[in-house]
Every structure is written in C-alpha cells, then in structure tokens.
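Breakdown of the fold
Each chain, letter by letter, is given below.
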Amino acid sequence: MNHSYDVAVIGSSVSGASLALQLGQQGLDVALIDRRHFPRRKACGEGVSDMAVNALYRMGFSPADIDNLGGKPFYSYRLEMGNHSINFAEGKERTMKGIGLQRFLLDAMIADRAASLPSVDRFFGDAVLNFEHEAECETVCLSSGQKLKAKHVVLADGANSPCSKRLGISEPNRARGLWGISYTLEGDYQSITGEVAVLLKEGFEIYCTPVSDTKLNVAFLMPKENVRLFQNEDLCQRLLEEACERSSFQGVAIEAPLQTGPLGSSKRPYFSEPYLLIGDAAESLDPISGMGITHGILSSELAANAFLSIHRDGVSVNKAFQNYARECAEMSRSLRGFTRLTSSLLRSRLRDPLLPVLSGTALPFQIRNALSRRFAGQAHPGFVLSTFLNLVGI
C-alpha cells in the first residue's frame, strides 16, 4: 500500500481508537494499527468514570450508544474491611460517578466507529516490526510486509509499550508495579445497589463492578509477590463467592481469568521527538482509583487538539507537541493526585480508624467532585481541593 497518512496510531484500545476517531472526524488520513483483532478481552476493572463518559459524548457518541453496551451506572463506592462496611455516598448524594461496562465492548464500539470513517484505515492483526525515519515522514513496517508512511506516529500500545522499547524511549520514573487478575461472572442480582464494592484484604484488593444486568466483573489487584496466592483454585473460589455475596449477586465465572501487569508503574514522556505517546503508553496510573480509561480518553482529546492545531491553524509541529505534553502533564497531575490520595488511604496502616471517620464527612465527595468539575471546565468552590490534588500529583 503506497498511501501516505497524516497520522499512524499504533494501538487501538480506548486511547488509540479515540484519537483515530477524533482525527478521522476532522478529515485527517489515519492508519489505526493493532497486532490483535477485535473484539478482544483484557484484564480490567471495567469502571468508566463520569469524566470519561462525558468525553465520549464530546466525540459524538450518544447516551443511547452507551446504553447499548448494557452497562450499569454506579453512584457510590462501598468499602468492605472484615466485618465493617463503609459506604461513601449513601444518604449524601446520588450523582453518577461512572458506568460499569465490559471493556471489550467499549473498545470495539470506539474502534468500529473510527474505522467506519472514510479517512481511517485499520490494520488489525498486524504487528509493528520496526520504524524507518525520513526527513518528512515516518515509515511503519508491519509483519504483513506492508510499509505505511505517515507524517506523524502516535504510540498508544499500552503500559508495556513494545514500540517505546524498540525506539529506546526511556521510563525515567518506573515504579514498583501491581498485577491484576479479573473474572467475568454471569448470574442474577438479588438487589441493585448502584455501588462498586471494594474488599480490602491483607496484601490485595478485590473490586466488584456490575457491568450488565447479568454480569459482574471481579478484579483482584496485588503486588507481584502475591500473584502466586491465586494459583490456589480453592482460595480463588472462596474469594469469588465472597465477592458475589458482598455484591448481592449469585453467579459463576463464565471464562478463564485474565491477568495483566505490571500496572501503575510506568511513566514516559508524552512527547519524545518525533513521537507522541498517549494513554498507558505515556503513563500508567495505579488502578486503585479507576482512572486509567479516563486518562487514556482525555489524553487522546489533547493529542487530537494538537494535530488539529497543526493542520487547521498552522501551528508548528514542535510547538503543538510541546503544548500537548504540557497540557497532558497538567491533566495527569490531577488524576495522579487523586490516585495517590486513594492509595495512601486504602493501603495505609491507619485505614481502619480513618475510613469510618471519613465516611461520615463530605470530604471524600468534595474531592471527587472537584476532580469531575475540573475536567468539565466548571467554575466551582472546590478550587482549593483542585489545587491540593495538583500538589499531591506532582
């Protein structure tokens, strides 16, 4: 294929497909590349925040499109510690905090919408072998033998980002990662609570997210050394039964568990000349706050704005990409701050005495709402809290 593209996007999960969609809607020629085919399942907590949902609306998806994925809105988080159950929303407010939905359906919805555009070509099931750099363009060499020329290349190939490693893009801030194991259970809900239940255990956490009228996602998050615990099938079964009980759900696992990692450990530059990085390829957040999908979609919006400023407004490439890197740093600082606060609280030795006290105050909601309003562009009295999140996220 001799066609030359404006942008080649490598990785077509949430962040990559979202970027291809936004660029394609503006008439830019895009190659959307992924080594795997869709639909595909991946280990994920499967919670999509209200901020990410609003971004999907800005991309042109309707509430009906989201409803068709069959997800379940959630309004609060309930923490379970032994015999203690702490609800962080009951009796306070009932605003939607997000939607639980099956990740493979979300990925496919965005990728299919992008590929339906006449200016977007998809190359699925085709791995990137290497890159050839020329003065005016980049050439992406695929396993099929095709060589795709593009003015710009975006890496959206996940936290482990094989392309970043191939290109020698460093990870100066690599931290100790976490590992995730997720199950999809099918059955019936005994009651609908509109909650995500989080079971805090010694050495790991269990996240229970309703993702449809008949399905529950159960995700375990742990340091690498504890992964071996989950090789014990009896232990896994007991924990799944407990997760079902705490979620008012009766059901069984319908497929083999999925494992992923390390998570929340990588941080690369958003711009490593001449390449842009988005989503987990640039920064992988600790999954404890459920902000990974949000970060991926918001970074795709900022990348789309950078490319449009080049092609529509005549901004220089270097200036546009430097602006993108700066804006992403500001965006991720708030999400990182919220994530660090959540992690330090839920994994602290002081969590047992602190959580019951905090659950009786409005502070957790004020912090969470400050985050939502910050990305909605609203002026609000939570300026101090937003500033606090930015400071924590530095």
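None of the values given here were measured: they were computed from a predicted structure. (Residues numbered from 1 in each chain as written. Predicted model: local features only at pLDDT ≥ 70, side-chain atom pairs only at ≥ 80, totals over all residues. Heavy atoms only, no water.)

Comments concerning the overall build of the protein
We count it as follows: Counting from the N terminus, the helices are DSSP H or I runs at least four residues long and the strands are E runs at least two residues long. Throughout this description, buried means an accessible area under 20% of the type-specific maximum (1.4 Å probe, protein chains only), exposed means over 50%, and partly exposed covers the range between. Where accessible areas are quoted, they stem from the Shrake-Rupley method and a 1.4 Å probe; at the residue level, only the protein chains shown are allowed to cover.
Each helix and strand counted, the protein has 11 helices and 19 strands in total. Counting across all 394 residues of the protein, residues that qualify as buried make up 55%. Surface summary for the protein: the accessible area is close to 17,200 Å², and the carbon and sulfur share equals 50%.

Comments concerning the layout of surface pockets
Quick reminder of the rule: Definitions used for this entry: grid spacing 1 Å over protein atoms alone; cavity, a set of points where a 1.4 Å probe fits but cannot get out; pocket, an open set with protein on both sides within 12 Å along at least 5 of 7 lines; lining residue, one with an atom within 4 Å of a point. Grid points are joined across faces, edges and corners, and a volume is the space filled by probe spheres set on the points. Gly counts as polar in this scheme, as do all residues outside two lists: the nonpolar Ala, Val, Leu, Ile, Met, Phe, Trp, Tyr, Cys and Pro, and the charged Asp, Glu, Lys and Arg.
For the second largest pocket, the calculated volume is near 710 Å³. Lining the second largest pocket we find 31 residues, and of these Arg 176, Leu 178, Asp 286, Ser 343 and Arg 347 sit closest to its centre. Among the elements that take part in the lining of the second largest pocket, helix α8 (residues 317-346) stands out by supplying five residues, more than any other. The residue makeup of the lining of the second largest pocket, split by class, is nine nonpolar, nine polar and 13 charged.

Structural notes on the sheet that holds strand β7 (residues 98-100)
The following threshold applies: Strands were regarded as paired on the criterion that DSSP finds at least two bridges between them. Angular values range over 0 to 180 degrees, each being the angle between N-to-C directions of two axes fitted as lines to C-alpha atoms, with helices fitted over their stretch in contact.
An order of β3-β7-β4 is seen for the three strands of this open sheet, with the pairing classed as antiparallel. Every interior strand has two partners, whereas the edge strands, β3 (47-49) and β4 (72-74), have only one. Geometrically, the sheet is characterised by an average inter-axis angle of 30° between neighbouring strands, direction not taken into account. Two strands pair when backbone bridges link them, and β3 and β7 are joined in this way by three bridges, in the antiparallel orientation. The partner of Ser 49 across the bridge, within β7, is Gly 98.

Observations regarding the nonpolar core
Put simply, the test is: The term nonpolar core refers to a set of buried residues drawn from Ala, Val, Leu, Ile, Met, Phe, Trp, Tyr and Cys, joined through side-chain atoms within 4.5 Å. Contacts are assigned to residue pairs that have any heavy atoms within 4.5 Å of one another.
Ile 33, Leu 106 and Phe 307 are the most contacted members of the largest nonpolar core, which has 79 residues in total. Top element by residues in this core is helix α7 (residues 292-311). It accounts for 10 residues. Contact partners of Ile 33, with chain neighbours within four places excluded, come to Ala 8, Val 9, Ile 10, Gly 11, Ser 12, Phe 123, Asp 126, Val 128, Val 140, Leu 142 and Leu 148. Residues Phe 220, Val 227, Cys 236 and Cys 244 belong to the second largest nonpolar core, which totals 22 residues.

Focus: empty space enclosed by the protein
Under the defined criterion, the tally for this structure stands at one cavity of 30 Å³ or more. When its volume is computed, the largest cavity comes out at roughly 60 Å³. Element by element, the count of residues in the lining of the largest cavity is highest for strand β12 (residues 178-189), at three residues.

Re the environment of Leu 155
Looking at the secondary structure, you find Leu 155 in strand β11 (residues 147-155). For the pair formed by Leu 155 and Leu 277, sequence separation is 122 residues and the distance between their alpha carbons is 4.8 Å. In this structure, Leu 155 is in contact with Ile 10, Phe 131, Cys 163, Ser 164, Leu 167, Ile 169, Leu 276, Leu 277, Ile 278 and Ala 281, ignoring residues within four places of it in sequence.

Quick look at the pattern of salt bridges
Side chains that differ in charge, positive against negative, can pair when their charged atoms come close. The cut-off we apply is this: We count a salt bridge whenever a side-chain nitrogen from Lys or Arg sits within 4 Å of a carboxyl oxygen from Asp or Glu.
Scanning the model with the defined rule gives 21 salt bridges in all. The shortest N-O distance in the salt bridge between Asp 213 and Lys 72 comes to 2.9 Å. Taken together, the positions of Asp 213 in the loop between β14 (204-210) and β15 (215-223) and Lys 72 in strand β4 put the pair 141 residues apart, joining distant regions of the chain. You can call Lys 72 buried: its relative accessible area is 17%. Linked through salt bridges whose partners overlap, the residues forming this network are Arg 78, Glu 80, Glu 195, Lys 201, Glu 242 and Arg 246.

Some thoughts on the pairing of strand β1 (residues 4-10)
Stated formally: Looking down the strands as they point away from the viewer, one classifies a crossover as right-handed if the path from the first strand across the helix to the second runs clockwise.
Summarising burial for β1: six of the seven residues are buried, a large majority. Two strands pair when backbone bridges link them, and β1 and strand β2 (residues 30-34) are joined in this way by four bridges, in the parallel orientation. Residue pairing across strands places Ile 10 opposite Ile 33, the latter belonging to β2. Viewed along the sheet, the connection from β1 through helix α1 (residues 14-25) into β2 turns out right-handed.

Describing the pairing of strand β9 (residues 128-133)
Bridging between β9 and strand β10 (residues 138-142) involves five bridges; their strand directions are antiparallel. By the bridge assignment for β10, Val 128 is matched with Leu 142. If you look at the hairpin formed by β9 and β10, you'll find four residues sitting between the two strands.

Some points on the side chain of Ser 300
Tracing the sequence through the fold places Ser 300 in helix α7. The residues contacting Ser 300, other than those within four sequence positions of it, are Ser 15, Ser 18, Leu 19, Gln 22, Met 59 and Ile 278.

Examining the packing of helix α2 (residues 50-58) against α7
In plain terms, the rule: In this scheme the crossing of two helices becomes right-handed for a clockwise turn of the near helix relative to the far one and left-handed for an anticlockwise turn of less than a right angle.
Where α2 meets α7, the closest approach of the two axes is 9 Å, and the angle between their N-to-C directions is 35°. Once α2 is placed against α7, the crossing between them reads as left-handed. Across from Met 51, Ala 52, Ala 55, Leu 56 and Arg 58 in α2, the residues of α7 making contact are Ile 293, Thr 294, Ile 297, Leu 298 and Glu 301.

Description of α1
As a reminder of what qualifies: Between the first and last residue of a helix there are one fewer steps than residues, each counted as 1.5 Å, and that sum is the expected span.
Given a rise of 1.5 Å per residue, 12 residues ought to cover 16 Å, and the 16 Å separating the end C-alpha atoms of α1 matches this to within 8%. Most of α1 sits out of view: 11 of its 12 residues are buried. For α1, every residue scored as buried is listed here: Val 14, Ser 15, Gly 16, Ala 17, Ser 18, Leu 19, Ala 20, Leu 21, Gln 22, Leu 23 and Gly 24. Positioned one or two residues after α1, Gly 27 has a phi angle of 85°, which is positive.

A word on the packing of aromatic side chains
Cut-off, in case you're wondering: Only the six-membered ring of Trp is used, alongside the rings of Phe and Tyr, when aromatic pairs are assigned; centres must lie within 6.5 Å, and planes under 30 degrees apart are stacked while those over 60 apart are edge-to-face, with the rest tilted.
With the rule as written, the count across this model stands at 10 aromatic pairs. In textbook terms, an aromatic cluster arises when at least three aromatic residues are bridged by ring pairs, as seen for Tyr 183, Phe 204, Phe 220 and Phe 230.

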